[in-house]
Amino acid sequence: MSNETLIAIRGYVGADPTVFSNALGRTTSLVRVGVTPRNFRRDTRTFENGTTSWYSVRCYGDLGTNVAECVRRGTRCWCVAG
């Protein structure tokens, strides 16, 4: 599809995943991902951190099960949605 929008975020997980299960036994994991931009200041030749943005990422099914088992607070992650 030509009008499909993809969103990619890279950051660090802020807390251990929250895991939910429905009546059918399907797993859903919810993680909060923090993204902080770094900007280079030419006048001082140093990097500065920007404001952290927080995103809620929900993973379903087998991916949700894998996230629940493997991801912990501080884990670097890369998420693509679309």
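See the structure shown above.
What counts and what doesn't
- All residue numbers refer to position in the chain's written sequence, counted from 1.
- For this predicted model, a pLDDT threshold of at least 70 governs which residues receive local features, and a threshold of 80 or more governs which side-chain atom pairs are given and counted, while totals over whole chains, interfaces and linings are taken from all residues.
- Only heavy atoms go into the side-chain values, all of them from the structure, while hydrogens and water stay out.
- Think of it this way: DSSP has to see at least two bridges between two strands before they count as a pair.
- Under the scheme used here, helices are H or I runs from DSSP no shorter than 4 residues and strands are E runs no shorter than 2 residues, and both carry numbers assigned from the N terminus.
- Polar contact is defined as a pair of N or O atoms within 3.5 Å, subject to the rule that within protein one atom must be able to donate a hydrogen and the other to accept it, and that residues adjacent in sequence are counted only when both atoms are side-chain atoms.
- In plain words, nonpolar cores are sets of buried Ala, Val, Leu, Ile, Met, Phe, Trp, Tyr and Cys residues tied together by side-chain atoms within 4.5 Å.
- We call a residue buried when its accessible area falls under 20% of the maximum for its residue type, exposed when it is over 50%, and partly exposed in between, using a 1.4 Å probe and counting protein chains only.
- Throughout, a residue-residue contact means that at least one pair of heavy atoms, one from each residue, lies within 4.5 Å.

Draft legend 1. Looking closely at the pairing of strand E3 (residues 27–35). By the bridge criterion, two bridges tie strand E1 (residues 7–13) to E3 in an arrangement that is antiparallel. Across the sheet, the residue bridging to tyrosine 12 is glycine 34, located in E3. Pairing analysis gives four bridges linking strand E2 (residues 18–21) to E3, with the strands arranged antiparallel. By the bridge assignment for E3, valine 19 is matched with serine 29. Counting the residues that bridge the hairpin from E2 to E3 gives five residues, and of these glycine 25 lies at a positive phi of roughly 85°. Here E3 runs beside strand E6 (residues 53–60); their pairing, made up of eight bridges, is antiparallel. Pairing of valine 31 across the sheet is with valine 57, part of E6.

Draft legend 2. Quick peek at the side chain of serine 29. The topology assignment puts serine 29 in strand E3. In terms of polar contacts, serine 29 uses its side chain to reach the backbone carbonyl oxygen of glycine 64, at 2.5 Å.

Draft legend 3. Up close: the nonpolar core. With 10 residues, the main nonpolar core is built from Ile9, Val13, Val31, Val33, Val57, Cys59, Val67, Val71, Cys77 and Cys79. At the level of secondary structure, the elements contributing two or more residues to this core comprise E1, E3, E6 and strand E7 (76–81). With sequence-adjacent residues up to four places away left out, valine 71 is seen in contact with Val13, Pro17, Val31 and Asn66.

Draft legend 4. Local environment of the pairing of strand E4 (residues 38–41). Examined bridge by bridge, E4 and strand E5 (residues 46–49) share four bridges and lie antiparallel to one another. Across the sheet, the residue bridging to phenylalanine 40 is phenylalanine 47, located in E5. In sequence, E4 turns back onto E5 through a hairpin of four residues, with arginine 45 there showing a positive phi of about 55°.

On their own, these measurements won't tell you what the molecule is for.
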